[in-house]
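Working through the structure, step by step
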Amino acid sequence: GGPVPPPSSEKPPEPKLPLRERLRNAVAVFKQVPPTFRILWGASKSGTIAIGTLTATAAILPAGIAWVGKLIVDGVVLAARTGDAADQRRVLFWVGLELGLMALSTVLGRVLGYLRETTGARLGNVLAERILQKALELELRHFEDSDVYDKMQNARREAGSRPLSLVLEAFSIAQSALTLASFAVLVIRLSPWSVLVLVAASIPAFVAEARFAGESFRLNSWR
């Protein structure tokens, strides 16, 4: 055979943590949400309230759009059967309402994006000021310590994105849960078993996404 290649100096990605350890880490992350939310609240109360309100509104809009779509179909069937002008006007009303809800959903997405940017900027300024205040309390020997210096640089670099991202992810989880609950209320009117089928059908995708996300995180951490 050919020459034996030299052993690689790079270490492979660390093995996956056991399930109990991963759950403990997840709980530790969620414990950081309340104090981070308090920081965001102190940086911009109006922005936090607006993001929460619009997120809740955006969460129930998909169910409302689906319900109005059902009314449109029912109205078209009824108008075709009766030929009544009042039934036809009712269908036009539902179509107009559906268009308004879809436009509102688009506008909410744009406004939420704007609020996230402006609130994130305010939060970054507040945290940067806190970091500077902390730096004024340190002595020269602390800046000569590479570990302390790296921590300060990481805090300064991530101050404008990581805390806001953590809170927004919590909002996103709440929004998805509210959307799922609103759809479940609609679907359960047709068949309670259909809700179980929909939830069961989403489990494989959730497991796969969680697994590949974990693999991506370990790979990025290794790099």
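Residues numbered from 1 in each chain as written. Predicted model: local features only at pLDDT ≥ 70, side-chain atom pairs only at ≥ 80, totals over all residues. Heavy atoms only, no water.

So, on to the pattern of salt bridges. All chains considered together, the criterion is met by 5 salt bridges. Note that lysine 134 is salt-bridged to glutamate 137, the shortest N-O span being 3.8 Å. Here lysine 134 pairs with glutamate 137, and both are found in helix H4 (residues 85-137), just 3 residues apart, close to one helical turn. Judged by relative accessible area, lysine 134 falls into the partly exposed class, the value being 48%. Residue class for glutamate 137 comes out exposed when judged on its relative accessible area of 56%. (Salt bridge = Lys/Arg side-chain N within 4 Å of Asp/Glu carboxyl O. Helix = DSSP H or I, 4+ residues; strand = E, 2+ residues; numbered from the N terminus. Buried < 20%, exposed > 50% of the residue type's maximum accessible area, 1.4 Å probe, protein only.)

The subject of this paragraph is the packing of aromatic side chains. Aromatic rings considered in pairs are described by the distance between their centres and by the relative angle of their planes. Tallied over the entire structure, the rule returns 2 aromatic pairs. Aromatic side chains phenylalanine 37 and phenylalanine 171 sit 6.3 Å apart centroid to centroid with 65 degrees between the ring planes, which places their arrangement in the edge-to-face category. Here phenylalanine 37 is found in helix H2 (residues 33-43), whereas its partner phenylalanine 171 is found in helix H7 (residues 162-188), with 134 residues between them in sequence. For phenylalanine 37, a relative accessible area of 31% gives the class partly exposed. Among the residues examined, phenylalanine 171 registers a relative accessible area of 18% and is labelled buried. (Phe/Tyr/Trp six-rings, centres within 6.5 Å; stacked < 30°, edge-to-face > 60°.)

This paragraph deals with the packing of H7 against helix H8 (residues 192-222). For the pair H7 and H8, interaxial distance at closest approach is 7 Å and the crossing angle is 140 degrees. When the axis of H7 is compared with that of H8, the two are oblique. Of the two elements, H7 crosses H8, and the hand of that crossing is right-handed. Contact residues: Ala184, Val187 and Ile188 in H7; Pro192, Ser194, Val195 and Leu198 in H8. A breakdown of the residues in the contact of H7 with H8 according to their chemical character gives 6 nonpolar, 1 polar and no charged. (Axes fitted to C-alpha atoms, helices over the stretch in contact; angles between N-to-C directions. Parallel < 35°, antiparallel > 145°, perpendicular 65-115°, else oblique. Left-handed = near helix turned anticlockwise from the far one by under 90°. Contact = heavy atoms within 4.5 Å. Nonpolar A, V, L, I, M, F, W, Y, C, P; charged D, E, K, R; others polar.)

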